[in-house]
Amino acid sequence: MTASSPAPRPGFLSGFAPSFTRGLATAITVKKGLILVVVLAVPALLVLAARLHGGPRALGHALPAVVLVVYLQFLVPIAGLLFGTGVILDDAGAGNLPYLFTRPVPRSAVVLGKSLAALLAAALCLVLSLAVTLLVARGARVGTGFPGRAMTAVLLALPAYLAAFTFLSVFTRWALVAGFFYAFGLEFFLGMIPGMIRKSTLIYYARSLLGEVSGSRGMLRAFFGREGPASPALAAGVLLGTALLGILLTCLLVAGKEFVSAERE
Amino acid sequence: MPVYDQGYRPYEGALRTRFLRWWPITRRCLFTVRKKPLAAVLIAGGILLLYEVILVYATGVTERGFSRIVNPWGYGDGIFYDLLTRETYFVVLLLMVSGAGQIAEDVRTGALQIYFSKPITHADYVLGKLGAVVLSGCLLTLLPGALLFLACAAFSPDWSFLTGNPWLPLRILAFSLLISIVLGSLVLAVSSLGRKGRVAAIVFGGAYFFSMVLGEVLPRILADSRYEIVHLGRCLGAAGSTIFTQGDFPAGSPALAWGILASLSLVSVLLLARKVKAVEVVR
Amino acid sequence: MSSPRPPVIRAERLSRWYGDVIGLNDVTAVVSEGITGLVGPNGAGKSTFLRIVSGELHPSGGSVTVLGEVPFANPRLHRRMGYCPEGDRFFDDLRAEDFVRHLLRLSGWPRPEARRRAREALAEVGMDHARDTRLRACSKGMRQRIKIAQALAADPEILLLDEPLTGLDPVARHETIELLRRRAERGISILVSSHVLHEVESLTTRILLINRGRIAATGEMEEIRDLIDRHPRRIRLEGPEPRRLASLLVDREDVRSLGFSDGALLVETTDPEAFYGDLPGLLVRHGIPLTGLSSPDDRLQAVFDYLVNG
């Protein structure tokens, strides 16, 4: 082999850019894409069912419920889990980490590139789905600002969940189950307990961005209690702060952590 | 020099091995589940539910006096029905840990080919895996149910609890098996679809919780509470209500629930029969 | 006499545990320029040593430096290092050329240069025909060569190869050995692990013999052979009458020394084969019971025999 150019001195960007590109390319595989298309089409179908079944009045009740329960309490956490835990665990499971973490670039550059690719892919899927849902629900009596608030809530909650679950996956291969327990157990449970404790959940702040949504039972149970929702600025700040803190801690931890294969442990 | 056929030939002799050929597979799988700390945590969480239920029971007993021990709040059946339906959540999480990788990991690591190089049939393999997930599920249904039964019997001042609820053990067993078999066959079917246990766990858990979300939203949108049945947990609850004669479900729901659960299990088994193969074509 | 080669890898009292299992046990070793073979049976600790040296793992105790730097998560060092891990599964979804190119891009090479280098590296290992084949569809031997290609592609100063010849057919094995020799002649240092001694012998005469997490021997192959052949073997004999037994052995020509330790007789013999042959007759003739017989030096010999004889 002829060495025509000198060995480069790679920096942060050298690790970030290829990781981001590959992360995007692998974020949505054919199989995963098919599942996503089916799942992401469901909210629009639900809203369509409401339109056909009950007309604009029913639509006014259905749309907030769909945004709140289907998007904020299900799709956003599950997208965060699917894409967030995949940032490290996919490569760990596939045996790629020995190659990635012995490159002459900071490990944090690789993780950040993959995380942002995962976030972009997840955000694209959700935004597209929500846009279609809102389009189907046009004319619903939900107030003029609702679509914007819904989009903001989804777009701010997603990075927070994704970063939190990515951070969790640095610690344990079982981040997925732990994440499920958090998103579909603990958050739901804490949301029903009166008092300040519910302010420790991400869903509280995501819902705060949406404002009060009527409902009296099950997952739609009145959520904010006497404390009421957080102010939009605080909610946005907490969600963004969680996202930034999560990704920062992930990068810091990955830099010093070794990934021993399960067989050796 | 004779030229021999070098192709693969199926073994045409009679298969005479031990009776329960699937049992070693089940045992092996249970052994690997035992080594997973998270599975232990989830089982402990499930058992904690039992503690909570016993506290409620004991409080009820104290408030209402021992004379009304049998069926004070419908406790004869209701408390067991309540416990088992609430354990379903933990069973789902446990199966994500212990069941989602069962077949996917065998495909990925090539263990499936090793299994089928032994004198076992596809049915043995599937039964073995099913045995493992059903037994795992029973750890969070049958075990707490049996413990609660023993606790109730122990708290009872006389034999009235046992004599008053002669069919209760069978009901606990039946509902436990229903939950474990339905969820177990579903998780295995999902596991057989791919090569990654992690993705299988997401799909299985996602499907369960997605059904929960739909079960909340659909009745609201369509103004009809019967649509709650799309939530797999409610569906299991409705079917279980016919076992325990409990629960508050709209007319027709339990029958529909049995139909849905039977169809789901059948589809899962068919999927397993179709997907579990010793040969993988690499593209 | 040639001047001593400067050390490339220096390990001091290096240890590594995996939970309760010890992978490396107090290893002190120096690897110099050129090709060095890391030889030992399966489970000896070769991969653990390479994984620490490559910066994939932290040592649990002791220290290691490569080209004067601590390897763990050290981009400055990884710029100068090529590493071929042991695992057979990696980047299943990528095509061979994309795999090598992706890793070159991660090493900072611009896109066109990465493509050119990836193609050249694949051609060098004889895999240019498999450029567009997905790794999951490659045979074990093909993947092995593609792994070597990615390690060579960036022209590193030091190459760490974990069992690189496993899964290769004889022709590919010969070609790979020639390739590594050519690279070594160009001045790069190579540490290559194997559990087959004659494989390593065809690459280098300098070996690091490792067994049960410890360095059993280090140096030139011939020196190790001579050392083992010439080295007097210590034999520990346990029984109720060690002194009487010693009096019977003291006149033997092959016995260099006798000693006592914890009630046992320690014999140092220059001809273990003859000693072992004569011992049973001697014991029977004089009616001396023996409750235990062991040799602290047997392990090294056993490892060496295993490696030499396969």
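The structure presented is a predicted model; accordingly, all values stated were derived computationally and were not measured.

Q: So what exactly am I meant to see when it comes to the overall build of chain B here?
A: Each helix and strand in chain B was counted, giving twelve helices and zero strands. Sequence-ordered secondary structure for chain B, helices as α and strands as β, is α-α-α-α-α-α-α-α-α-α-α-α. Taken across its 283 residues, chain B has 46% of its residues classed as buried. Considering only contacts within chain B whose residues lie at least 6 apart along the sequence, 80% involve residues at least 24 apart.

Q: When you look at the overall build of chain A in this model, what are you seeing that I'm missing?
A: Regarding its fold elements, chain A presents eight helices and zero strands. From first element to last, N terminus to C terminus, chain A shows the α and β order α-α-α-α-α-α-α-α. Out of the 265 residues in chain A, the part that is buried amounts to 53%. The contacts of chain A with a sequence gap of at least 6 include a subset with a gap of at least 24, amounting to 82%.

Q: Is there a simple way to think about the interface of chain A and chain C in this case?
A: Think of interface size as the accessible area that goes away when the parts come together; that is how it is often given. Tallying the contact residues gives 30 residues for chain A and 32 residues for chain C. Put simply, the parts of the chain that give the side of chain A that touches chain C at least two residues each are helix H1 (12-27), helix H3 (97-100) and helix H8 (232-256) of chain A. A per-element tally of the side of chain A that touches chain C places H1 of chain A first, with five residues.

Q: What am I meant to see in the interface of chain A and chain B here?
A: Contacts between the two partners involve 31 residues from chain A and, on the opposite side, 21 residues from chain B. Only helix H2 (30-94) and helix H6 (175-192) of chain A provide two or more residues apiece to the side of chain A that touches chain B. Residue contributions to the side of chain A that touches chain B peak at 21 residues, all from H2 of chain A. For the side of chain A that touches chain B, a count of residues per class yields 24 nonpolar, seven polar and no charged.

Q: Looking at this structure, how should I read helix H1 (residues 46-53) of chain C?
A: Working note: α-helix, 3.6 residues per turn, so residues spaced by three or four point in the same direction. Counting buried residues in H1 of chain C gives eight out of eight residues, a clear majority hidden from the surface. One or two positions beyond H1 of chain C, positive phi appears at Gly-55 of chain C, with a value near 90°.

Q: Looking at this structure, I do not really get the environment of Cys-138 of chain B. What am I missing?
A: All names here are of chain B. Assignment of secondary structure puts Cys-138 in helix H6 (residues 122-139). When the C-alpha atoms of Cys-138 and Ile-181 are compared, they prove to be 9.4 Å apart, with 43 residues separating the residues in sequence. When neighbours within four sequence positions are excluded, Cys-138 is seen to be in contact with Leu-143, Ser-176 and Ser-180.

Q: Whenever I open this one, the pairing of strand E3 (residues 35-39) of chain C confuses me. Can you help?
A: A regular strand places its side chains on the two faces of the sheet in alternate fashion. All names here are of chain C. Most of E3 sits out of view: five of its five residues are buried. Of the two faces of E3, the one lined by Ile-35, Gly-37 and Val-39 and the one lined by Thr-36 and Leu-38 are each fully buried. Summarising the sheet, E3 and strand E8 (residues 206-211) pair through three bridges and their orientation is parallel. Opposite Val-39, over in E8, you have Leu-209 as the bridge partner.

Q: Would you explain the sheet that holds strand E11 (residues 255-261) of chain C in this entry?
A: One key point about sheets: their strands pair by backbone hydrogen bonds, in either a parallel or an antiparallel sense. Residues and elements named next belong to chain C. Strand order across the open sheet formed by four strands is E11-E12-E10-E13, with antiparallel pairing between neighbours. Only two strands of the sheet have a single neighbouring strand rather than two, namely E11 and strand E13 (292-294). The mean angle between the axes of side-by-side strands here comes to 20°, regardless of whether they run parallel or antiparallel.

Q: Quick question: what am I supposed to make of helix H5 (residues 146-171) of chain A here?
A: With 26 residues, H5 of chain A should cover 38 Å at 1.5 Å per step; its first-to-last C-alpha distance of 38 Å lies within 8% of that length. When you tally the buried positions in H5 of chain A, you get 19 out of 26 residues, the bulk of the element.

Q: Explain the nonpolar core here, please?
A: Across soluble globular proteins, nonpolar side chains show a tendency to be buried alongside one another. In this structure, Ala-157 of chain A, Leu-93 and Phe-204 of chain B together with Val-100 of chain C are the most contacted members of the largest nonpolar core, which totals 237 residues. Once residues lying within four places of it in the same chain are set aside, the contact partners of Ala-157 of chain A are Leu-72, Val-76, Leu-202, Ala-206 and Leu-239 of chain A. If you look at the next biggest cluster of nonpolar residues, it comprises five residues, including Ile-235, Leu-237, Leu-245 and Val-267 of chain C.

Q: How do you make sense of the packing of helix H4 (residues 107-136) of chain A against H5 of chain A when you look at a structure like this?
A: The axes of two packed helices give the description: the angle between them and the distance between them. All names here are of chain A. Between H4 and H5, the shortest axis-to-axis distance is 10 Å and the interhelical angle comes to 150°. Judged by the inter-axis angle, H4 sits roughly antiparallel to H5. In this structure, the crossing between H4 and H5 has a hand that is right-handed. The segment H4 lies against H5, with Ser-115, Ala-118, Leu-119, Ala-122, Ala-123, Leu-126, Val-127, Leu-130 and Leu-134 engaging Pro-147, Ala-150, Met-151, Val-154, Leu-155, Leu-158, Pro-159, Leu-162 and Thr-166. Tallied by class, the residues present in the contact of H4 with H5 amount to 16 nonpolar, two polar and no charged.

Q: Which parts of the structure should I look at to understand the pairing of E11 of chain C?
A: All names here are of chain C. Of the pairings in the sheet, the one linking E11 to strand E12 (residues 264-269) comprises six bridges and is antiparallel in character. Pairing of Ser-257 across the sheet is with Glu-268, part of E12. Connecting E11 to the antiparallel partner E12 that follows it, the hairpin turn spans two residues, and Asp-262 within it adopts a positive phi of roughly 50°.

Q: When you look at the sheet that holds strand E4 (residues 61-66) of chain C in this model, what are you seeing that I'm missing?
A: Residue and element names in this part refer to chain C. As summarised here, the arrangement of the three strands in space is E2-E1-E4, forming an open sheet in which the pairing is antiparallel. The open sheet is flanked by strand E2 (21-32) and E4, the only strands paired with a single partner. In this sheet, neighbouring strand axes are inclined to one another by 20° on average, regardless of whether the strands run parallel or antiparallel.

Definitions and limits used
- Residues numbered from 1 in each chain as written.
- Chains lettered and ligands numbered in written order.
- Predicted model: local features only at pLDDT ≥ 70, side-chain atom pairs only at ≥ 80, totals over all residues.
- Helix = DSSP H or I, 4+ residues; strand = E, 2+ residues; numbered from the N terminus.
- Buried ≥ 20, exposed ≤ 12 C-beta atoms within 10 Å, placed from the backbone.
- Contact = placed C-beta atoms within 7 Å.
- Nonpolar A, V, L, I, M, F, W, Y, C, P; charged D, E, K, R; others polar.
- Pairing = 2+ DSSP bridges.
- Axes fitted to C-alpha atoms, helices over the stretch in contact; angles between N-to-C directions.
- Expected span 1.5 Å × (residues − 1).
- Core = buried A, V, L, I, M, F, W, Y, C linked by C-beta atoms within 7 Å.
- Parallel < 35°, antiparallel > 145°, perpendicular 65-115°, else oblique.
- Left-handed = near helix turned anticlockwise from the far one by under 90°.

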